[in-house]
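The lines below spell out each chain.
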Amino acid sequence: MRVELPDRPGSLAQVTKVLGVVGADITQVIVLDRGAGAAVDDITIFCPDSTPRQALVKSLEGVEGVRIEGIWPTREAPGTYPELEILKYITTAGDRALTTLVDSLPVLFSADWAATTAENRVLYASWRAPQELTIPDEAPARPAAMTLDDGLHVIHAPLPPLAIALILARSEGPAFHRIEVHRLTRILEIFLSLPATERSVARQLRK
């Protein structure tokens, strides 16, 4: 969940207390923003299936100054460094480096799906992607977060040296944060520096 709360001592303690009362176990807290008297945190929690999402929201919004920006599911294991593991796999994936990256990004970013495109054609999409993908009309000059007309949150990232673009999509929860955009940008920079990258993309373009 993404929570905005007052940036003062004790605020996070109030949030954790409320989550404990409704049966949620906090497994990770990431501070995304601080400033102007407020903080924005991504809090990963584990709670029983019997805990209604509405109960979480109602309980937290009862804390003065707390606002819930969104709640959505994640498959990322808290407390690990998944980027390092994925980059290790990509370096040994050879011609499958691009598909390995695309399949991994939804897990890394608690997103629904990822895909690569070229000239409005889908080159490769992760397994949870819908049959008909929503592709933004024009790639931005640099990776950017946006919300499409149908409410889908995406990061649209051009890969200029390869003449392709990457889309990372999330249907639940809040829009992608600038910290998430920066994180994806760095991963793509490392990917583009790998020797197997051009060969992997060429393989997809030939299909």
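Residues numbered from 1 in each chain as written. Predicted model: local features only at pLDDT ≥ 70, side-chain atom pairs only at ≥ 80, totals over all residues. Heavy atoms only, no water.

Can you lay out the sheet that holds strand β4 (residues 67–70) for me, pointing to particular residues and giving the numbers?
Strand order in the open sheet made by the four strands is β2-β3-β1-β4, with antiparallel pairing throughout. Across the chains shown, the open sheet's two edge strands, defined by having one partner strand only, are β2 (25–35) and β4. Sheet twist, expressed as the average angle between the axes of neighbouring strands with direction ignored, equals 30 degrees. Of the strand pairs in this sheet, β2 and strand β3 (residues 38–46) are connected by nine bridges, and their pairing is antiparallel. From the neighbouring strand, Val29 faces β3, where its bridge partner is Ile43. (Pairing = 2+ DSSP bridges. Helix = DSSP H or I, 4+ residues; strand = E, 2+ residues; numbered from the N terminus. Axes fitted to C-alpha atoms, helices over the stretch in contact; angles between N-to-C directions.)

I'd like a description of the sheet that holds strand β6 (residues 121–125), backed by residues and values.
Read across the sheet, five strands follow the order β6-β5-β9-β8-β7 without closing on themselves; strand pairing throughout is antiparallel. Each of the sheet's edge strands pairs with one partner strand only, and the pair in question is β6 and β7 (144–147). With direction set aside, neighbouring strand axes in the sheet form an average angle of 30 degrees. When strand β8 (residues 153–159) meets strand β9 (residues 164–170), the two strands line up antiparallel, connected through seven bridges. Within β9, the residue paired with Pro158 across the bridge is Ala165. The sheet contacts of helix α4 (residues 97–108) involve β5 (113–118), β6 and β9, and relative to β5 the element is tilted by about 140 degrees. Of the strands in this sheet, β7, β8 and β9 are in contact with helix α5 (residues 178–192), which crosses β8 at around 30 degrees. (Contact = heavy atoms within 4.5 Å.)

Lay out the packing of helix α3 (residues 82–91) against α4 with the relevant residues and their values.
With their axes 9 Å apart at the nearest point, α3 and α4 run at an angle of 165 degrees to one another. It follows that α3 is roughly antiparallel to α4 by the angle criterion. Two packed elements cross with a definite hand, and for α3 against α4 that hand is right-handed. Contacts from Pro82, Glu83, Ile86, Tyr89 and Ile90 of α3 reach α4 at Ala97, Thr100, Leu101, Ser104 and Leu108. Looking at the contact of α3 with α4 residue by residue, the classes come out as seven nonpolar, two polar and one charged. (Parallel < 35°, antiparallel > 145°, perpendicular 65-115°, else oblique. Left-handed = near helix turned anticlockwise from the far one by under 90°. Nonpolar A, V, L, I, M, F, W, Y, C, P; charged D, E, K, R; others polar.)

Tell me about the packing of aromatic side chains, and name the residues and values.
For the structure shown, the criterion picks out zero aromatic pairs. Directly above the ring of Phe176 sits Arg170, whose terminal nitrogen or CZ lies 4.2 Å from the centroid. Above the plane of the ring of Phe109 lies Arg183, whose end atom (NZ or CZ) is 4.6 Å from the centre. (Phe/Tyr/Trp six-rings, centres within 6.5 Å; stacked < 30°, edge-to-face > 60°. Lys NZ or Arg CZ within 6 Å of the ring centre and 35° of its normal.)

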